[in-house]
Amino acid sequence: MTVQTAVSFEVYPPRSPDKLPGLHDSIRALDSVSPEFISVTFGAGGSSTRDSLDVLCFIKDNTHAKPLAHLTCVGTTREEAEGLITSFVESGITEFLALRGDLPEGETEHRGELHHAVDLVDLMNSGISHSAAIDRIAVAAFPNGHPESASLDEDIETLLTKQSAGATLAITQLFFYVEDYLRFVEKATLAGVTIPILPGLMPITSPTRLARVLELTGEKNPHELDNRLQDTEDSGKRAEIGIAWCADMIRDLVDAGAPGIHLYAFNQHETVLSALEQA
Ligand code: FAD
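Residues numbered from 1 in each chain as written. Predicted model: local features only at pLDDT ≥ 70, side-chain atom pairs only at ≥ 80, totals over all residues. Heavy atoms only, no water.

1. Some words on helix H4 (residues 117–127)
Of the positions making up H4, those classed as buried are Ala 117, Leu 120, Val 121, Leu 123 and Met 124. End-on, the buried residues of H4 take up no more than an arc of 160°, which puts them together on one face. Packing partners of the buried residues in H4 comprise strand S3 (66–72), helix H3 (78–90), strand S4 (95–99), strand S5 (136–141) and helix H5 (152–165). (Buried < 20%, exposed > 50% of the residue type's maximum accessible area, 1.4 Å probe, protein only. Helix = DSSP H or I, 4+ residues; strand = E, 2+ residues; numbered from the N terminus. Arc of directions from axis to C-beta. Contact = heavy atoms within 4.5 Å.)

Below you can see the structure in the form of structure tokens.
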């Protein structure tokens, strides 16, 4: 890696147990660049609690990186959320990404008692007996706006609320143009956001992966990258294109003063490590 910056990664608990050894190998490989933390996603509604916790404990016991647990609050009661946080803390996991999560498909009403991520931040920061044991509360930020927000100003207002409730780090949704991040950080800073806003990036190595990511995030199509990926059928060349795009973004973000780089590893170490190496 030529750029000097703090790095972190995101992985997810595999859907089938036979994928676990491969994930463990990838986590060990990711540890070779001394990431500050490796975060593990969480299935909204608690669908992946045990699996997420197992991966977090693997990171804790086998790497130098801190394990950071994503937790969602959609559809949960205060008591359930407290029980969940307590069980993670008692397993030695003390850093969290507090999220709302998305409603199950077809549902439009928010059930449960915690309606927004800020409610979970509040609970983690001061609402439970284990609050003092929590070392970090991170939250999500959306440089191009959350799909449900009326404007970018609403997103910045939401981030300010989460900061006031006790969040000490924001990690962004993935984005494809450095200017989008810089514009967001500038607006957020002017509005009073002081916590670091860590840019989240993913090397996109095929048009299919790009389409899936756009569907999941609601981000706009980065046509320039899409066209480059569509221009060849060769999967090796496509990987090179996606890695080079991501490496350029890393370099530009670090040059512009980003507080670090968070990479969505998609449970594969090769592409994210190559992007860091080329940056
Ligand atoms: P919120 O902060 O609650 O915001 C959601 C919407 O509500 C926004 O439009 C916001 O402006 C608005 N809002 C917020 N507070 C208020 C309020 N008090 N009053 C009125 N409106 C309000 N999902 C998972 O299920 N599992 C994961 O592991 C996961 N990891 C993620 C990691 C990152 C880095 C990111 C960026 C997203 C992740 N997500 C994950 C997706 C996330 O759960 C969704 O994007 C979700 O739709 C919003 O989550 P949030 O925490 O930003 O919600």
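On we go.
2. Details of the environment of Ala 247
Along the chain, the position of Ala 247 falls in helix H9 (residues 235–255). With a relative accessible area of 1%, Ala 247 lands in the buried category. A sequence separation of 193 residues divides Ala 247 from Asp 54, and the C-alpha atoms of the two residues are 31 Å apart. With sequence-adjacent residues up to four places away left out, Ala 247 is seen in contact with Ala 275, Gln 278 and Ala 279.

3. Re the packing of aromatic side chains
This model, assessed by the stated rule, comprises 4 aromatic pairs. Measuring from centroid to centroid gives 5.8 Å for Tyr 12 and Phe 266, while their planes differ by 75°, and the two rings are edge-to-face. Taken together, the residues Tyr 12 in the loop between strand S1 (7–11) and helix H1 (20–30) and Phe 266 in the loop between strand S9 (261–264) and helix H10 (269–278) connect sequence positions 254 residues apart. When its relative accessible area of 22% is taken as the criterion, Tyr 12 is described as partly exposed. For Phe 266, a relative accessible area of 28% gives the class partly exposed. Ring geometry for Phe 88 and Phe 96: centres 6.3 Å apart, planes at 45°, overall tilted. Across the pair, Phe 96 and Phe 88 agree in class, each one buried. (Phe/Tyr/Trp six-rings, centres within 6.5 Å; stacked < 30°, edge-to-face > 60°.)

4. Here we look at the pairing of strand S2 (residues 37–40)
Judged by which residues are buried, S2 turns out to be covered on both faces: Phe 37 and Ser 39 on one side and Ile 38 and Val 40 on the other are all buried. As paired strands, S1 and S2 are joined by 4 bridges and run parallel to one another. Within S2, the residue paired with Phe 9 across the bridge is Ile 38. On the question of chirality, the crossover connecting S1 to the parallel S2 by way of H1 is right-handed. Across 4 bridges, S2 lies against S3 in parallel orientation. Across the sheet, residue Val 40 finds its bridge partner in S3, namely Ala 69. One crossover worth recording links S2 to the parallel S3 by way of helix H2 (residues 49–62), and it is right-handed. (Pairing = 2+ DSSP bridges. Right-handed = clockwise from strand over helix to strand, strands pointing away.)

5. What about the site of the ligand?
Contacts to the ligand come from 23 residues, most closely from Phe 42, Asp 102, His 146, Ser 149 and Thr 158. In the model, a nitrogen atom of the ligand is placed 3.4 Å from a nitrogen or oxygen of the His 116 side chain. For the ligand, an oxygen atom lies 3.0 Å from a polar atom in the backbone of Ala 117. Contributing elements (two or more residues each) for the shell around the ligand: S3, S4 and H5. The greatest single-element share of the shell around the ligand, amounting to 3 residues, is contributed by H5. When the residues that make up the shell around the ligand are grouped by side-chain class, the tally is 9 nonpolar, 9 polar and 5 charged. (Near = heavy atom within 4 Å. Polar contact = N/O pair within 3.5 Å; in protein donor to acceptor, adjacent residues only side chain to side chain. Nonpolar A, V, L, I, M, F, W, Y, C, P; charged D, E, K, R; others polar.)

6. Section: the sheet that holds S9
One open sheet holds the 9 strands; their spatial order is S7-S6-S5-S4-S3-S2-S1-S9-S8, and the pairing between them is parallel. Strand pairing shows two members of the sheet lacking a second neighbour, strand S7 (197–198) and strand S8 (200–201), which therefore form its edges. Bridge count between S3 and S4: 5 bridges; the pairing is parallel. Opposite Leu 68, over in S4, you have Glu 95 as the bridge partner.

7. So, unusual backbone geometry
Phi angles above zero are rare outside glycine, and Ser 34 is one such case at about 55°. Among the secondary structure elements, Ser 34 is positioned in the loop between H1 and S2. In this structure Ser 34 comes out as exposed when scored by relative accessible area, which is 57%. Positive phi, normally seen in glycine, also occurs at Asn 267, with a value near 60°. Topologically, Asn 267 is positioned in the loop between S9 and H10. Take Asn 267: its relative accessible area is 14%, and that puts it in the buried class.

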